[in-house]
Amino acid sequence: MTAVLTPTTHRPAPPSAARIALSRVRLELRLFFRERQQVVFSFAYPVVMLLIFASIMGDEERPGQVPFAQYFLAGIVATGIMLTSFQAVGTSIAAQREAGQLERLQLLGTPPVAYFAGKAGQVLVTAAAQVALLLPVARYVYDVPMPVDVGHWLTFLWVAGLSALAGTVLGVAVSALPGNATATTTAVSALAIVLQFFSGVFFGFLELPGWMQQMASFFPLKWMTQGMRSVFLPDQAGAFEIAGGWEHGKTALVLAAWVIIGVVICVRTFRWRRSEG
Amino acid sequence: MTTTETAPLPLGTGEHQPAVTVRGLVKRYGGRAVLDGLDLEVRAGECFALLGPNGAGKTTTVEILEGVRRRDAGDVRVLGQDPAVAGRRWRDRIGVVSQGEAAGQELTVREALDHFAGYHAVPQPTDELLAAVDLEESARTRVVRLSGGQRRRLAVALGVQGRPELVFLDEPTTGMDPVARRQFWELIRGLRAGGTTVLLTTHYLDEAATLADRVGVVSGGRLVEVAPPDELGAALRGTATVTWTEHGRRRQVRTGAPSAVLRDLLAADPHGEVAGLTVTRPGLEDVYLQLVGAVPTDSEGELR
């Protein structure tokens, strides 16, 4: 036994940040799918909601003769991305910090960028898997038409990508909130639920009270759902948006602004340890 | 000219270069000095125990040495570098057995070890680590289902995975049952025997006495004494306590010359028996308590 644990002198440089990031993506994915709470409330939630709401409200229509399931798909895709990015990242970082796992990463000299890249990679894979589950259910169970051309799919890609990025950096940012991990989880989940109602995921955005619309406009989810509606709804439905169109430019601008805000907060507030002495 | 055969020096350390050197270390929290001019030297290859009551500054000292806490003043060198600015190459040379959760609860022991191997330049192979900490049978068990002792052993495995030259253990056996503690001590002895420098903090005297080559006592933010465990507080140990019963009353004398006191006592009644006669010297615990100021350091003389 004693001979086994010996130090070494021949020590090349430690593995690169990129290699650690890659192995962190695998680790985070493994941990994500072994964590029941994450799987239920982040990963499976949109599919369950689609099944429930589309079954109950199947006959209703949204402005512009859009079947409910089609309208709802756009909102729940955006919600799913918010949950797998913002909610999953925010709650898991708070929990990992509280358990002392981040402290250990710091002691190992883990480059922060490798840690964040691990989170981002995990978000990308889980969000893609979630969409891959959600779209066939919508298509084959509720006859929701899929995007008609490459242009719409490209819109889908940039809206989804920018949304996931904004969600991830804001998740990292929100994990720095004071208080324990349970408090962070509660705050994040509550915010996520309120935003879903405010941002027109369940109800047509036009039907919401004005103050609710204005408040929602500050947050990314409203723009994420609007972007997704431009992907999944017929083009003429854009006339029923508040601005009378899809506002792609403004959507990209707002989401990009949130990415920048999130990065600034992360850089200023991220910490490995529970509290700074 | 004579040559002397010397045992090979621990790897990675130059001759005469201590593993840790600290001069005048100061750390304040909100104006209150937790460390108030602490000096410390840990020799390469030794096991050094920092002993002190809770709040004495042990953990703060170790965190500064690990480079995860900033200091307010003082010079610190760990493996030749200033931990406050040292980079990843330096980090890879130190190992930390931390109190916190080592890895995700839902990972198996082997998964955790395999993953964290990827952070080190020259990781110890997982199978060797499992054997070293006696966790081979639990390799496929998830961390959440390990016993407390098994978790601590996993923490050791992760702490030494990068083949560090210096290992920090902060109160490693707190909360362990006696059997697990003894197994843990064997592990640390194994580390030291392999040439690794070990710096551990503890508030258990027996732990310091059994493991450490030298013990440093921290009190009030300073190192008040450094010595091998059985020489700790040499000045205090020189004082013996002679106790006996006289006319139904307990009498007690503290003295540096107990033989003289005894001679006087025996001479007073050459044929009788001195009732209840004892001569005691302070043990490690008595010395320690006096060093950290938990009991007053009495001057010689008669008491009560």
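Nothing here was measured: the structure is a model prediction, and the numbers come from that model.

Peer 1: Is there a simple way to think about the overall build of chain A in this case?
Peer 2: Of regular secondary structure, chain A possesses 10 helices and 2 strands. Put simply, chain A runs from its N terminus to its C terminus through helices and strands in the order α-α-β-β-α-α-α-α-α-α-α-α. Taken over C-alpha atoms, the radius of gyration comes to 21 Å for chain A, in line with the 19 Å a tight globule of 277 residues would show.

Peer 1: Would you mind going over the overall build of chain B with me for this structure?
Peer 2: Scanning chain B from N- to C-terminus turns up 10 helices and 13 strands. With respect to the principal axes defined by its C-alpha atoms, chain B has extents near 75 × 60 × 45 Å. In chain B, which comprises 304 residues, the proportion classed as buried is 40%. Of all intrachain contacts in chain B linking residues separated by at least 6 positions in sequence, the fraction that spans at least 24 positions is 67%.

Peer 1: It is not clear to me how the sheet that holds strand β1 (residues 20-29) of chain B should be interpreted in this structure. Could you clarify?
Peer 2: Paired through their backbone hydrogen bonds, the strands of a sheet run either parallel or antiparallel. Residues and elements named next belong to chain B. Strand order in the open sheet formed by 3 strands is β2-β1-β4, with antiparallel pairing between adjacent strands. Looking at which strands have only one partner, the edges of the open sheet turn out to be β2 (32-42) and β4 (73-78). For this sheet, the mean inter-axis angle between neighbouring strands, taken without regard to orientation, is 25°. As paired strands, β1 and β2 are joined by 8 bridges and run antiparallel to one another. Residue pairing in the sheet places Val-22 in a bridge with Leu-40 of β2. Here helix α1 (residues 58-65) sits on the sheet in contact with β1, β2 and β4, set at roughly 120° to β1.

Peer 1: Would you mind showing me how to read the environment of B:Glu106 here?
Peer 2: Counting through the fold element by element, B:Glu106 comes out in the loop between β5 (94-97) and α3 (109-117). Along the primary structure B:Glu106 and B:Gly148 are separated by 42 residues, whereas in three dimensions their C-alpha atoms are 16 Å apart. For B:Glu106, the contacting residues outside a window of four places in its chain are A:Leu31, A:Arg34, A:Glu35, B:Arg142 and B:Val144.

Peer 1: Is there a simple way to think about the confidence of the model for chain B in this case?
Peer 2: For residues with low pLDDT, the predicted coordinates do not support detailed interpretation. All names here are of chain B. For chain B, the mean per-residue pLDDT works out to 85, and 91% of the residues sit at or above 70. Mean pLDDT values for the elements of chain B range from 40 in strand β13 (residues 301-302) up to 96 in α3. Note that residues 1-14 has pLDDT below 50 and, in this model, 19 contacts with residues that lie over four places away or in other chains. In this model residues 298-304 is a low-confidence stretch, pLDDT under 50, and it forms 10 contacts with partners more than four residues away in sequence or in other chains. Reported for the predicted complex are a pTM of 0.83 and an ipTM of 0.86.

Peer 1: Which parts of the structure should I look at to understand helix α2 (residues 36-56) of chain A?
Peer 2: Along an α-helix, residues three or four positions apart point the same way, because every turn accommodates 3.6 residues. Residue and element names in this part refer to chain A. For α2, the principal kink sits at Ala-44 and spans about 65°; a proline, Pro-46, occurs within the next four residues. For α2, the complete set of buried residues consists of Gln-38, Ser-42, Phe-43, Pro-46, Leu-50 and Ala-54. Contact partners of the buried residues in α2: α1 (17-34), α3 (68-99) and α5 (112-142).

Peer 1: What is the right way to read the sheet that holds strand β9 (residues 222-227) of chain B from this model?
Peer 2: All names here are of chain B. Strand order in the open sheet formed by 6 strands is β5-β6-β7-β3-β8-β9, and the pairing between neighbours is mixed. The strands lining the two open edges of the sheet, one partner per strand, are β5 and β9. Here the average twist between neighbouring strands, direction ignored, is 20°. When strand β3 (residues 47-51) meets strand β8 (residues 214-219), the two strands line up parallel, connected through 4 bridges. Across the sheet, residue Leu-51 finds its bridge partner in β8, namely Val-217. Against the sheet, α1 touches β3, β6 (166-170), β7 (197-202) and β8, its axis set at about 150° to β6.

Definitions and limits used
- Residues numbered from 1 in each chain as written.
- Chains lettered and ligands numbered in written order.
- Predicted model: local features only at pLDDT ≥ 70, side-chain atom pairs only at ≥ 80, totals over all residues.
- Helix = DSSP H or I, 4+ residues; strand = E, 2+ residues; numbered from the N terminus.
- Rg over C-alpha atoms; globule rule 2.2 N^0.38 Å.
- Buried ≥ 20, exposed ≤ 12 C-beta atoms within 10 Å, placed from the backbone.
- Contact = placed C-beta atoms within 7 Å.
- Pairing = 2+ DSSP bridges.
- Axes fitted to C-alpha atoms, helices over the stretch in contact; angles between N-to-C directions.
- pLDDT = per-residue confidence, 0-100.
- Bend = angle between axes of the 7 residues up to and from the residue.

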